[in-house]
Amino acid sequence: MQTGTKISALAHVTLVAWAFLGGAFRSDPLPFEVQEVSVISAEEFAALSAPREAPEIIPQPVEPEQPTAPIEQPAPVEPAPEPEPEPVRPEPQPVARPEPEPAPQPVEPTPEPQVPSEAPSLERPEPETVLLPEPPGKRPKPRPVERVAPEPVAAPPPDARPDPVETPPVSAEQGAETPQPEQPATAPEEATDRIEPEADPTTEVAPSRSPRPKTRPQQPTQTAETKPAATPEAKPAAKPEANPAPASQAAETRSAVNDALAEALAATEEPAAAPAPTGPPLTSGEKDALRVAVSQCWNVGSLSSEALRTTVVVSVRMNADGTPDTGSIRMIESSGGSSGAAKQAYEAARRAIIRCGAKGYKLPSEKYDHWRDIEMTFNPERMRIK
Amino acid sequence: MMRFLTSLVLGAALLAGAAQAQNQPLRITIDEGIIEPLPYAAPNFVPDSPAAAEYAAEIARVLADDLTGSGLFREIPSTAYISQVTSFDAPVQFADWKAINAQALITGAVSVSGNRLTVRFRLWDVFAGAELGSGLQFAGTTDGWRRMAHKVADAVYSRITGEGGYFDSRVAFVSESGPKDQRRKRLAIMDYDGANVQYLTDSSSIVLAPRFSPSGDRVLYTSYQGGFPRIHILDVGQVQQRVLQSQDGTMSFAPRFSPDGQTVLFSLAQGGNTDLYAMNIASGQSTRLTSAPSIETAPSYSPDGSRIVFESDRSGTPQLYVMSASGGEATRISFGQGRYGTPVWSPRGDLIAFTKQSKGRFHIGVMRTDGSEERLLTASFLDEGPTWSPNGRVIMFTRETQGASGRAALYSVDISGRNLRPVRTPDGGSDPSWSPLQK
């Protein structure tokens, strides 16, 4: 019995053990299958994604109607937009190419000075604005020291710190220890004044943008150097701005920048010849002098009563010597009378401009850019009943 | 990325705006000028023969008188000329004319062939260095040389001022001669400048208030021939007159043509009351326009014939009223101090000229048709009877001086109140009526 039970127990144990172990052995082949599925799925997803795009394209064009293969390729409309961006890319390229072309011809030397001139101008304002906050940043450290500083013991350590910041006071500090209380006295004033700019770094963004307008006047000045024609002026102007943009941006942004600049410059091409903003505008006194000079020759005595009710605006381009360019005088607009009356009023105005400008109007030559083009409004309202 | 692109585009747009603002022209407004005659040069027209030389000089003189007399132009004396015009087709030396400040230059040529006279001219804007308009030529008989000179002057005036001229026109008036208590009055007609006076009536009866027809071929006037004032119509070309139809025992006076020349407005005094009537000239049929117990007189049509301005004392003193041409309710337009009379509608339709008596003095004035913007142009012991030039720019009127030796004379004044000047007449003159421009 005992042996029998032992044998049976062993047999049961072995059977149970075999049952466990045997199941484990059988599980090995299963994971292999699972692994295969997972590997296949990644490739199939890519494959599946491609056929999914195809059916999307299919419904738009009617494939069954056009069974021929060559039509299928043009049929997908989506590829068509792809070529569209491609022409967009070539557009910036030609735009970029003309840029270098005009650049080397007239202005290559000039654009180079442009870039350094802009760069320093941009860098200078930045360090300036940065320097202002920085010293207060270092000085707040002395502040806690200042609180301690009123005590005589803490005085020596602040001596060492101000040295790097303000060298001139350092030389005086070496002389005697007594000036020490004076130093902390001046320090808090300056510290308090500069503590406020510390919060300004957020506002520092504004001054950092301000230098950009400074670069604009530099461009016209450069164009002023290359006065010859308006079109060369416009193109070099596009380069300096386009260059910084692509420097930090992708090539795609160039197209947008160039397009925008092209529009902007196209709008300014007509008056582009006038590099106006080089100096201060005419003072009211200088304008009055011109007004008086013209009015002295504006004779309305021979005008019809209808012409005396007609206001005309006349444009004139001035020569640098103050004389009007007779051929440039033209009537821009008129109001209050018939075309015939406007013609008489315009002729009287033209006579006034030419006659009193024969020897040149007294205008400040350094502000020529401001009075090169003048629009004069001749309003005879006050002359009517006299 | 999109935000960056939009910022770039916006920046570029701002740059464009800034550049545009920087390139804007200097703008000034001139509202003060000068009012002075425009200096011009009119060298003698180039004659093509010795016979034409005399006409050339005379035409240049009349031309200068016309332009200078308008008050809008000032002739530069020939002694100041730097260069002379020896050929009509030669290029103009503008610098020489600029140097003497001639703003307009008139060059011309005169040719005579038998009894036929031809005048050509060009007008130049000296400072613009260009011709104003294009060359023009007039042809006629040698007898009409004055009219051709006036035609040239009208063309010059029109091209520079922008409004029609008035030089080639005539004036009907009452010529007065003799002492004040034995004044002889004759109906006369002359060029606007006092030349070529013709007398249409003798001095056997008193004549008053001649009025030209719109076409300039007939004259209405009031004559005391027969004892009572009656309206006569006279054909200028044939010097034939007739009495307009009238009732016995009435007085008709103050006639004036309608713009179409078919109707005559006049005052009719009957039974101590004076009212306005309109009469069709062809049929002689009259229509009563007013029926007030007051005195209505001195009617004048608006240029379009739709309204009538007249004088009435219905408010107690003579004032000006406007009503429809068919009669009806009248609107008073004069409200100033004094008495208003003899209103005349401007040929341009924008103004009404009148005589005003205030504080013992007489004035010629103008106001807008609604009575606003009244302006008095003259002041004297006695100014009255305004009449408009064909272009509505000049007013001619009668000025009589004070005293027993007082004399009536014709004067003209610009509607701006400037350029008051006497009109040359052989004798005294009164009651002028300006004709339209001759054709």
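Residues numbered from 1 in each chain as written. Chains lettered and ligands numbered in written order. Predicted model: local features only at pLDDT ≥ 70, side-chain atom pairs only at ≥ 80, totals over all residues. Heavy atoms only, no water.

A. Local environment of the overall build of chain B. A tally of helices and strands in chain B yields four helices and 32 strands. For chain B, the residues scored as buried account for 53% of the 439 residues in total. The long-range fraction of contacts in chain B, counting pairs at least 24 apart against all pairs at least 6 apart in sequence, stands at 44%. Roughly 18800 Å² of accessible area belongs to chain B as shown, and the carbon and sulfur atoms make up 49% of that amount. (Helix = DSSP H or I, 4+ residues; strand = E, 2+ residues; numbered from the N terminus. Buried < 20%, exposed > 50% of the residue type's maximum accessible area, 1.4 Å probe, protein only. Contact = heavy atoms within 4.5 Å. Areas by Shrake-Rupley, 256 points an atom, 1.4 Å probe, with all protein chains shown as cover.)

B. View of the overall build of chain A. When its secondary structure is counted, chain A shows 22 helices and three strands. Taking all 386 residues of chain A together, 32% fall into the buried category. Considering only contacts within chain A whose residues lie at least 6 apart along the sequence, 73% involve residues at least 24 apart. Accessible surface for chain A amounts to roughly 23500 Å². Of this, 60% is attributable to carbon and sulfur atoms.

C. Here's a closer look at the sheet that holds strand E21 (residues 307–312) of chain B. Residue and element names in this part refer to chain B. The strand order E20-E21-E22-E23 describes an open sheet built from four strands, whose pairing is antiparallel. The open sheet terminates on both sides in strands that have one partner only, identified here as strand E20 (296–301) and strand E23 (327–332). Taking each pair of neighbouring strands and ignoring which way they run, the sheet shows an average axis angle of 30 degrees. The sheet contact formed by strand E22 (residues 319–324) and E23 spans four bridges and is antiparallel. Bridge pairing links valine 322 to threonine 331 in E23. (Pairing = 2+ DSSP bridges. Axes fitted to C-alpha atoms, helices over the stretch in contact; angles between N-to-C directions.)

D. Layout of the pairing of strand E6 (residues 116–125) of chain B. Residues and elements named next belong to chain B. For E6, the tally of buried residues reaches seven of 10 residues, placing the bulk of the element in the interior. Of the pairings in the sheet, the one linking strand E5 (residues 104–113) to E6 comprises 10 bridges and is antiparallel in character. Note that in E6 the partner of leucine 105 across the bridge is tryptophan 124. Linkage of E5 to E6, two consecutive antiparallel strands, is achieved through a turn of two residues, within which glycine 114 is found at a positive phi near 65 degrees. Here E6 runs beside strand E8 (residues 136–141); their pairing, made up of six bridges, is antiparallel. Residue arginine 120 lies in a different strand from E8, and its bridge partner there is glutamine 137. Bridging between E6 and strand E7 (residues 130–131) involves two bridges; their strand directions are antiparallel.

E. Representation of the pattern of salt bridges within the structure. All names here are of chain B. Overall, the coordinates contain 28 salt bridges over all chains when judged by the stated rule. Where aspartate 65 meets arginine 61, a salt bridge forms, and the shortest distance between an N and an O atom there is 3.6 Å. Of this pair, aspartate 65 and arginine 61 both sit in helix H2 (residues 50–69), separated by four residues, roughly a single helical turn. The class of aspartate 65 is partly exposed, set by a relative accessible area of 38%. (Salt bridge = Lys/Arg side-chain N within 4 Å of Asp/Glu carboxyl O.)

F. The packing of helix H21 (residues 339–356) of chain A against helix H4 (residues 145–161) of chain B, seen in detail. Taken N-terminus to C-terminus, the directions of H21 of chain A and H4 of chain B make an angle of 80 degrees; their axes are 7 Å apart at the nearest point. If you check the angle between H21 of chain A and H4 of chain B, you find them roughly perpendicular. Where H21 of chain A abuts H4 of chain B, its residues Gln344, Glu347 and Arg351 of chain A lie against Ser158, Arg159, Ile160 and Thr161 of chain B. Among the residues making up the contact of H21 of chain A with H4 of chain B, the classes are represented as one nonpolar, three polar and three charged. (Parallel < 35°, antiparallel > 145°, perpendicular 65-115°, else oblique. Nonpolar A, V, L, I, M, F, W, Y, C, P; charged D, E, K, R; others polar.)

G. Quick peek at the side chain of glutamine 319 of chain B. All names here are of chain B. Examined against the element boundaries, glutamine 319 turns out to sit in strand E22. A distance of 3.3 Å separates the side chain of glutamine 319 from the backbone oxygen of glycine 338, its partner in a polar contact. Contact partners of glutamine 319, with chain neighbours within four places excluded, come to Phe310, Glu311, Ser312, Arg332, Ser334, Phe335, Gly338 and Tyr340. (Polar contact = N/O pair within 3.5 Å; in protein donor to acceptor, adjacent residues only side chain to side chain.)

H. Expanded view of the packing of H2 of chain B against H4 of chain B. Residues and elements named next belong to chain B. Remark: H2 packs on H4, axes separated minimally by 8 Å, with the N-to-C direction vectors making an angle of 45 degrees. In this view, H2 runs oblique relative to H4, as classed from their interaxial angle. Considering only the axes of H2 and H4, their crossing is right-handed. Residue-level contacts link Tyr55, Glu58, Ile59, Arg61, Val62, Leu63, Asp66 and Leu67 of H2 to Trp145, Arg146, Ala149, His150, Val152, Ala153, Val156 and Tyr157 of H4. (Left-handed = near helix turned anticlockwise from the far one by under 90°.)

I. Quick look at a nonpolar patch on the surface. Where nonpolar side chains cluster on the molecular surface, the patch consists of Leu15, Val16 and Phe20 of chain A and spans about 340 Å² of accessible area. Position of valine 16 of chain A among the secondary structure elements: in helix H1 (residues 2–27). (Patch = residues over 30% accessible without salt bridge, like charges linked within 9 Å, V, L, I, M, F, W, Y side chains within 5 Å.)

J. Looking closely at the confidence of the model for chain A. Residue and element names in this part refer to chain A. Mean pLDDT over chain A: 60, with 33% of residues reaching 70 or higher. Throughout residues 29–38 the model reports pLDDT below 50, and contacts reaching past four residues in sequence, or to other chains, amount to zero contacts. Confidence drops under pLDDT 50 across residues 144–149; counting only partners more than four residues distant or on other chains, this segment forms eight contacts. (pLDDT = per-residue confidence, 0-100.)

K. Region of interest: the environment of serine 405 of chain B. Relative to the elements of secondary structure, serine 405 of chain B occurs in the loop between strand E29 (394–400) and strand E30 (408–414). With 224 residues separating them along the chain, serine 405 of chain B and aspartate 181 of chain B place their C-alpha atoms 9.7 Å apart.

L. Structural view of H4 of chain B. All names here are of chain B. Taking 1.5 Å of rise per residue, the 17 residues of H4 would be expected to cover 24 Å, and the 24 Å separating its terminal C-alpha atoms lies within 8% of that figure. A large share of H4 lies buried, amounting to 14 of its 17 residues. Just beyond H4, the residue with positive phi is glycine 162, at close to 90 degrees. (Expected span 1.5 Å × (residues − 1).)

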